[in-house]
Amino acid sequence: MSPSPLIVRTVPTLRRAVDNLRKRKATIALVPTMGALHDGHVSLVRLAKRRASRVVVSIFVNPTQFAPTEDFGAYPRTWKADIAKLAAEDVDVVWHPDVKAMYPDGFATRIVPDGPALAGLEDRFRPHFFGGVATVVGKLFTQCRADFAIFGEKDFQQLRVVTQMARDLDLGVKVVGSRTVRERDGLAMSSRNVYLSPEERQTATVLYRAMKASARRIKAGDAIAPAMAGGAEMIKAAGFVLDYFEVRHAETLAEITSRKDGPLRILVAAKLGNTRLIDNIAV
Ligand code: PAF
(Lines give C-alpha, C1' and ligand atoms only; values in the text may rest on other atoms or scores of the structure.)
Protein backbone atom coordinates (compact mmCIF):
# COMPACT_ATOMS: atom_id res chain seq x y z
CA MET A 1 0.00 0.00 0.00
CA SER A 2 1.22 3.52 -0.80
CA PRO A 3 1.95 5.78 2.21
CA SER A 4 -0.69 8.45 2.87
CA PRO A 5 0.29 11.97 1.87
CA LEU A 6 1.01 14.48 4.62
CA ILE A 7 -2.20 16.47 5.06
CA VAL A 8 -1.72 20.09 6.12
CA ARG A 9 -4.47 22.52 7.07
CA THR A 10 -2.75 25.71 8.20
CA VAL A 11 -0.35 28.09 6.48
CA PRO A 12 2.44 27.72 9.13
CA THR A 13 2.29 23.90 8.84
CA LEU A 14 2.46 24.16 5.07
CA ARG A 15 5.45 26.53 5.35
CA ARG A 16 7.28 23.99 7.51
CA ALA A 17 6.46 21.13 5.14
CA VAL A 18 7.69 23.12 2.12
CA ASP A 19 10.83 24.25 4.05
CA ASN A 20 11.61 20.61 4.85
CA LEU A 21 11.29 19.61 1.21
CA ARG A 22 13.47 22.53 0.15
CA LYS A 23 16.15 21.64 2.73
CA ARG A 24 16.34 18.25 1.08
CA LYS A 25 16.88 19.99 -2.28
CA ALA A 26 13.53 18.80 -3.62
CA THR A 27 11.90 20.41 -6.61
CA ILE A 28 8.18 20.93 -6.07
CA ALA A 29 5.21 20.73 -8.44
CA LEU A 30 1.83 22.02 -7.29
CA VAL A 31 -1.48 20.67 -8.61
CA PRO A 32 -4.28 23.06 -7.58
CA THR A 33 -7.70 21.35 -7.38
CA MET A 34 -11.11 21.73 -5.81
CA GLY A 35 -11.23 17.99 -5.04
CA ALA A 36 -13.85 15.58 -6.47
CA LEU A 37 -10.85 14.06 -8.20
CA HIS A 38 -11.18 12.04 -11.40
CA ASP A 39 -8.77 10.59 -13.95
CA GLY A 40 -8.16 14.07 -15.37
CA HIS A 41 -6.71 15.15 -12.02
CA VAL A 42 -4.70 11.93 -11.80
CA SER A 43 -3.10 12.80 -15.14
CA LEU A 44 -2.18 16.25 -13.73
CA VAL A 45 -0.51 14.54 -10.76
CA ARG A 46 1.39 12.20 -13.08
CA LEU A 47 2.66 15.13 -15.12
CA ALA A 48 3.64 16.87 -11.87
CA LYS A 49 5.67 13.82 -10.88
CA ARG A 50 7.50 13.90 -14.18
CA ARG A 51 8.38 17.59 -13.66
CA ALA A 52 9.47 17.62 -10.01
CA SER A 53 10.76 15.36 -7.26
CA ARG A 54 7.90 16.23 -4.86
CA VAL A 55 4.21 16.87 -5.50
CA VAL A 56 1.82 19.05 -3.49
CA VAL A 57 -1.89 18.82 -4.33
CA SER A 58 -4.19 21.51 -3.00
CA ILE A 59 -7.84 20.68 -2.34
CA PHE A 60 -9.87 23.81 -1.69
CA VAL A 61 -13.35 24.61 -2.97
CA ASN A 62 -12.78 28.31 -3.45
CA PRO A 63 -15.90 30.35 -2.58
CA THR A 64 -14.65 33.53 -4.26
CA GLN A 65 -14.87 32.04 -7.75
CA PHE A 66 -18.56 31.13 -7.41
CA ALA A 67 -21.38 33.65 -7.87
CA PRO A 68 -24.15 33.47 -5.21
CA THR A 69 -26.39 31.76 -7.81
CA GLU A 70 -23.80 29.07 -8.61
CA ASP A 71 -23.08 25.62 -7.18
CA PHE A 72 -20.61 26.33 -4.33
CA GLY A 73 -22.80 24.50 -1.79
CA ALA A 74 -23.57 21.58 -4.10
CA TYR A 75 -20.06 21.23 -5.52
CA PRO A 76 -19.11 17.54 -5.06
CA ARG A 77 -16.90 16.90 -2.04
CA THR A 78 -15.36 13.40 -1.98
CA TRP A 79 -12.55 13.72 0.55
CA LYS A 80 -11.94 10.05 1.40
CA ALA A 81 -11.90 8.93 -2.22
CA ASP A 82 -9.66 11.89 -3.13
CA ILE A 83 -7.07 10.98 -0.50
CA ALA A 84 -7.10 7.32 -1.59
CA LYS A 85 -6.41 8.41 -5.19
CA LEU A 86 -3.60 10.74 -4.13
CA ALA A 87 -2.05 8.06 -1.90
CA ALA A 88 -2.10 5.62 -4.84
CA GLU A 89 -0.17 8.24 -6.87
CA ASP A 90 2.39 8.74 -4.06
CA VAL A 91 1.58 12.42 -3.61
CA ASP A 92 3.75 13.95 -0.90
CA VAL A 93 1.61 16.74 0.57
CA VAL A 94 -2.10 17.62 0.44
CA TRP A 95 -2.79 21.29 1.23
CA HIS A 96 -6.36 21.41 2.51
CA PRO A 97 -7.11 24.74 4.18
CA ASP A 98 -10.59 25.68 5.35
CA VAL A 99 -12.13 28.96 4.23
CA LYS A 100 -10.89 30.79 7.37
CA ALA A 101 -7.31 29.64 6.79
CA MET A 102 -7.40 30.85 3.18
CA TYR A 103 -9.41 34.03 3.80
CA PRO A 104 -8.90 35.03 7.45
CA ASP A 105 -11.23 37.61 9.01
CA GLY A 106 -10.44 41.02 7.59
CA PHE A 107 -9.12 39.65 4.28
CA ALA A 108 -9.22 42.63 1.90
CA THR A 109 -6.91 42.05 -1.08
CA ARG A 110 -7.83 40.77 -4.50
CA ILE A 111 -6.04 40.14 -7.78
CA VAL A 112 -7.94 41.58 -10.74
CA PRO A 113 -6.61 39.93 -13.91
CA ASP A 114 -6.74 41.65 -17.30
CA GLY A 115 -5.71 40.40 -20.77
CA PRO A 116 -6.92 36.82 -21.30
CA ALA A 117 -9.28 37.20 -18.33
CA LEU A 118 -11.28 39.72 -20.39
CA ALA A 119 -11.37 37.77 -23.66
CA GLY A 120 -15.16 37.76 -23.73
CA LEU A 121 -15.51 34.00 -23.14
CA GLU A 122 -16.05 32.68 -19.57
CA ASP A 123 -15.74 36.23 -18.23
CA ARG A 124 -18.83 37.25 -20.22
CA PHE A 125 -20.98 34.69 -18.38
CA ARG A 126 -19.11 34.44 -15.05
CA PRO A 127 -17.76 37.97 -14.44
CA HIS A 128 -16.72 37.12 -10.85
CA PHE A 129 -14.81 33.98 -11.85
CA PHE A 130 -11.28 34.99 -12.85
CA GLY A 131 -10.89 37.47 -10.01
CA GLY A 132 -11.64 34.62 -7.59
CA VAL A 133 -9.38 32.18 -9.42
CA ALA A 134 -6.47 34.63 -9.73
CA THR A 135 -6.68 35.58 -6.05
CA VAL A 136 -6.72 32.01 -4.76
CA VAL A 137 -4.14 30.75 -7.26
CA GLY A 138 -1.86 33.70 -6.44
CA LYS A 139 -2.15 32.70 -2.78
CA LEU A 140 -1.55 29.01 -3.56
CA PHE A 141 1.57 29.93 -5.53
CA THR A 142 3.06 32.02 -2.73
CA GLN A 143 2.00 29.53 -0.04
CA CYS A 144 3.48 26.48 -1.78
CA ARG A 145 6.50 28.16 -3.42
CA ALA A 146 6.46 25.47 -6.10
CA ASP A 147 8.76 25.35 -9.11
CA PHE A 148 5.94 24.13 -11.37
CA ALA A 149 2.17 24.36 -11.26
CA ILE A 150 0.07 22.03 -13.39
CA PHE A 151 -3.30 23.09 -14.80
CA GLY A 152 -5.63 21.20 -17.13
CA GLU A 153 -6.20 22.51 -20.66
CA LYS A 154 -9.87 21.72 -20.15
CA ASP A 155 -10.17 25.15 -18.44
CA PHE A 156 -8.29 26.78 -21.27
CA GLN A 157 -8.99 30.43 -20.48
CA GLN A 158 -8.07 29.78 -16.83
CA LEU A 159 -4.77 28.26 -17.98
CA ARG A 160 -4.03 31.41 -20.01
CA VAL A 161 -5.01 33.68 -17.09
CA VAL A 162 -2.79 31.96 -14.50
CA THR A 163 0.10 31.71 -16.97
CA GLN A 164 -0.12 35.47 -17.60
CA MET A 165 -0.45 36.20 -13.87
CA ALA A 166 2.60 34.10 -12.92
CA ARG A 167 4.61 35.97 -15.54
CA ASP A 168 3.28 39.47 -14.79
CA LEU A 169 3.74 39.18 -11.02
CA ASP A 170 7.12 37.36 -11.16
CA LEU A 171 5.69 34.58 -9.03
CA GLY A 172 8.65 32.32 -9.79
CA VAL A 173 6.57 29.34 -10.81
CA LYS A 174 6.37 27.78 -14.27
CA VAL A 175 2.77 27.08 -15.24
CA VAL A 176 2.44 23.89 -17.25
CA GLY A 177 -0.70 22.91 -19.19
CA SER A 178 -1.83 19.30 -19.29
CA ARG A 179 -3.94 17.70 -22.03
CA THR A 180 -7.64 17.17 -21.41
CA VAL A 181 -8.57 13.63 -20.43
CA ARG A 182 -11.76 12.38 -22.11
CA GLU A 183 -14.21 9.58 -21.56
CA ARG A 184 -14.21 6.97 -24.33
CA ASP A 185 -17.06 8.79 -26.10
CA GLY A 186 -15.20 12.13 -26.09
CA LEU A 187 -16.79 13.90 -23.12
CA ALA A 188 -14.11 15.86 -21.25
CA MET A 189 -13.71 14.64 -17.66
CA SER A 190 -15.05 17.16 -15.17
CA SER A 191 -16.09 17.05 -11.53
CA ARG A 192 -19.41 18.54 -12.65
CA ASN A 193 -20.26 15.59 -14.96
CA VAL A 194 -21.85 13.91 -11.91
CA TYR A 195 -24.68 16.46 -12.19
CA LEU A 196 -25.78 15.01 -15.57
CA SER A 197 -28.76 12.64 -15.72
CA PRO A 198 -28.12 9.43 -17.73
CA GLU A 199 -29.93 10.98 -20.71
CA GLU A 200 -27.99 14.25 -20.45
CA ARG A 201 -24.77 12.29 -20.12
CA GLN A 202 -25.44 10.75 -23.58
CA THR A 203 -26.31 14.14 -25.10
CA ALA A 204 -23.20 15.77 -23.60
CA THR A 205 -20.93 14.06 -26.15
CA VAL A 206 -22.29 16.44 -28.80
CA LEU A 207 -19.95 19.18 -27.57
CA TYR A 208 -16.85 17.25 -28.58
CA ARG A 209 -18.36 16.09 -31.86
CA ALA A 210 -19.41 19.63 -32.77
CA MET A 211 -15.94 21.03 -32.04
CA LYS A 212 -14.37 18.25 -34.11
CA ALA A 213 -16.78 18.88 -37.00
CA SER A 214 -16.01 22.62 -37.06
CA ALA A 215 -12.26 22.01 -36.71
CA ARG A 216 -12.36 19.57 -39.65
CA ARG A 217 -14.12 22.13 -41.83
CA ILE A 218 -11.67 24.92 -40.92
CA LYS A 219 -8.71 22.64 -41.62
CA ALA A 220 -10.26 21.67 -44.95
CA GLY A 221 -10.32 25.37 -45.91
CA ASP A 222 -13.95 26.34 -45.21
CA ALA A 223 -14.50 29.93 -44.11
CA ILE A 224 -14.53 30.35 -40.32
CA ALA A 225 -18.08 31.72 -40.00
CA PRO A 226 -20.02 28.87 -41.68
CA ALA A 227 -17.71 26.23 -40.16
CA MET A 228 -18.44 27.54 -36.68
CA ALA A 229 -22.14 28.09 -37.35
CA GLY A 230 -22.45 24.39 -38.29
CA GLY A 231 -21.00 23.28 -34.94
CA ALA A 232 -23.15 25.74 -32.99
CA GLU A 233 -26.26 24.38 -34.72
CA MET A 234 -25.39 20.79 -33.74
CA ILE A 235 -25.10 21.84 -30.09
CA LYS A 236 -28.37 23.77 -30.04
CA ALA A 237 -30.21 21.00 -31.90
CA ALA A 238 -29.16 18.54 -29.16
CA GLY A 239 -30.96 20.69 -26.56
CA PHE A 240 -28.12 22.76 -25.10
CA VAL A 241 -28.46 26.45 -24.30
CA LEU A 242 -25.29 27.78 -25.86
CA ASP A 243 -23.21 30.44 -24.08
CA TYR A 244 -20.45 30.55 -26.70
CA PHE A 245 -18.91 28.45 -29.44
CA GLU A 246 -15.93 30.34 -30.75
CA VAL A 247 -12.60 29.96 -32.44
CA ARG A 248 -9.83 32.11 -30.99
CA HIS A 249 -6.07 32.57 -31.16
CA ALA A 250 -4.75 29.76 -28.96
CA GLU A 251 -2.29 31.95 -27.05
CA THR A 252 -3.86 35.40 -26.81
CA LEU A 253 -7.50 34.27 -27.07
CA ALA A 254 -7.97 37.19 -29.49
CA GLU A 255 -10.77 36.95 -32.06
CA ILE A 256 -9.64 35.75 -35.47
CA THR A 257 -11.17 35.87 -38.92
CA SER A 258 -8.97 33.48 -40.88
CA ARG A 259 -7.20 30.21 -40.15
CA LYS A 260 -3.95 31.97 -41.07
CA ASP A 261 -4.32 34.19 -37.98
CA GLY A 262 -2.32 31.78 -35.84
CA PRO A 263 -2.63 28.62 -33.79
CA LEU A 264 -6.36 28.25 -33.28
CA ARG A 265 -8.49 26.90 -30.46
CA ILE A 266 -12.21 26.21 -30.50
CA LEU A 267 -13.84 26.91 -27.13
CA VAL A 268 -17.36 26.10 -26.03
CA ALA A 269 -19.60 26.62 -23.01
CA ALA A 270 -23.20 25.43 -22.93
CA LYS A 271 -25.88 24.45 -20.47
CA LEU A 272 -27.72 21.15 -20.50
CA GLY A 273 -30.56 21.29 -17.98
CA ASN A 274 -28.91 22.76 -14.88
CA THR A 275 -25.39 21.70 -15.77
CA ARG A 276 -22.97 24.07 -17.47
CA LEU A 277 -20.19 22.34 -19.40
CA ILE A 278 -17.07 23.83 -20.98
CA ASP A 279 -14.59 22.29 -23.38
CA ASN A 280 -12.06 23.19 -26.07
CA ILE A 281 -9.82 21.64 -28.71
CA ALA A 282 -6.93 22.74 -30.88
CA VAL A 283 -7.73 23.18 -34.57
O1 PAF B 1 -9.66 24.52 -11.90
C2 PAF B 1 -9.94 24.47 -10.67
O3 PAF B 1 -10.18 23.40 -10.11
C4 PAF B 1 -9.96 25.77 -9.87
O5 PAF B 1 -10.42 26.84 -10.63
C6 PAF B 1 -8.62 26.08 -9.22
C7 PAF B 1 -7.52 26.33 -10.25
C8 PAF B 1 -8.19 24.95 -8.29
C9 PAF B 1 -8.72 27.37 -8.37
O10 PAF B 1 -9.67 27.24 -7.36
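The sections below set out a description of the structure shown in this document. (Residues numbered from 1 in each chain as written. Predicted model: local features only at pLDDT ≥ 70, side-chain atom pairs only at ≥ 80, totals over all residues. Heavy atoms only, no water.)

On to the layout of surface pockets, then. As a volume, the second largest pocket reaches approximately 240 Å³. Around the second largest pocket sit 14 residues that line it, and Arg182, Tyr208, Lys212, Ile281 and Ala282 are the ones nearest its centre. If you list the elements that add at least two residues to the lining of the second largest pocket, you get helix 9 (206-219) and strand 9 (275-282). Among the elements that make up the lining of the second largest pocket, the one with the highest residue count is helix 9 (five residues). Looking at the lining of the second largest pocket residue by residue, the class counts come to five nonpolar, two polar and seven charged. (1 Å grid on protein atoms, 1.4 Å probe; cavity = no way out; pocket = protein on both sides within 12 Å on 5 of 7 lines; lining within 4 Å. Points joined across faces, edges and corners; volume = space filled by probe spheres on them. Helix = DSSP H or I, 4+ residues; strand = E, 2+ residues; numbered from the N terminus. Nonpolar A, V, L, I, M, F, W, Y, C, P; charged D, E, K, R; others polar.)

Another point: helix 3 (residues 79-88). Turning to helix 3, its buried residues number three or more, namely Asp82, Ile83, Leu86 and Ala87. Angular distribution of buried residues about the axis of helix 3 spans 130°; they occupy a single face of the element. Residues of helix 3 that are exposed and angled more than 90 degrees away from the buried face: Lys80 and Ala88. Where helix 3 is buried, its residues touch strand 1 (6-8), helix 2 (39-51), strand 3 (54-59) and strand 4 (93-95). Looking one or two places after helix 3, you find Asp90, whose phi comes out positive at around 60°. (Buried < 20%, exposed > 50% of the residue type's maximum accessible area, 1.4 Å probe, protein only. Arc of directions from axis to C-beta. Contact = heavy atoms within 4.5 Å.)

What follows deals with the pairing of strand 2 (residues 28-33). Extensive coverage of strand 2 is indicated by the burial of six of its six residues. The two faces of strand 2 match: Ile28, Leu30 and Pro32 on one face and Ala29, Val31 and Thr33 on the other face are all buried. The pairing of strand 2 with strand 3 spans six bridges and is parallel. Within strand 3, the position partnered with Thr33 by the bridge is Ile59. Between strand 2 and its parallel partner strand 3, the chain crosses via helix 2, and the hand of that crossover is right-handed. Note: strand 2 against strand 5 (residues 148-152), two bridges, orientation parallel. Note that in strand 5 the partner of Ala29 across the bridge is Phe148. (Pairing = 2+ DSSP bridges. Right-handed = clockwise from strand over helix to strand, strands pointing away.)

Interhelical geometry of helix 9 versus helix 10 (residues 224-237) gives an angle of 165° and a closest axis separation of 8 Å. By the angle between their axes, helix 9 is roughly antiparallel relative to helix 10. Relative to helix 10, helix 9 is oriented so that their crossing is right-handed. Here Val206, Leu207, Arg209, Ala210, Ala213, Ser214, Arg217 and Ile218 of helix 9 lie close against helix 10, whose contacting residues are Ile224, Pro226, Ala227, Met228, Gly230, Gly231, Met234 and Ile235. (Axes fitted to C-alpha atoms, helices over the stretch in contact; angles between N-to-C directions. Parallel < 35°, antiparallel > 145°, perpendicular 65-115°, else oblique. Left-handed = near helix turned anticlockwise from the far one by under 90°.)

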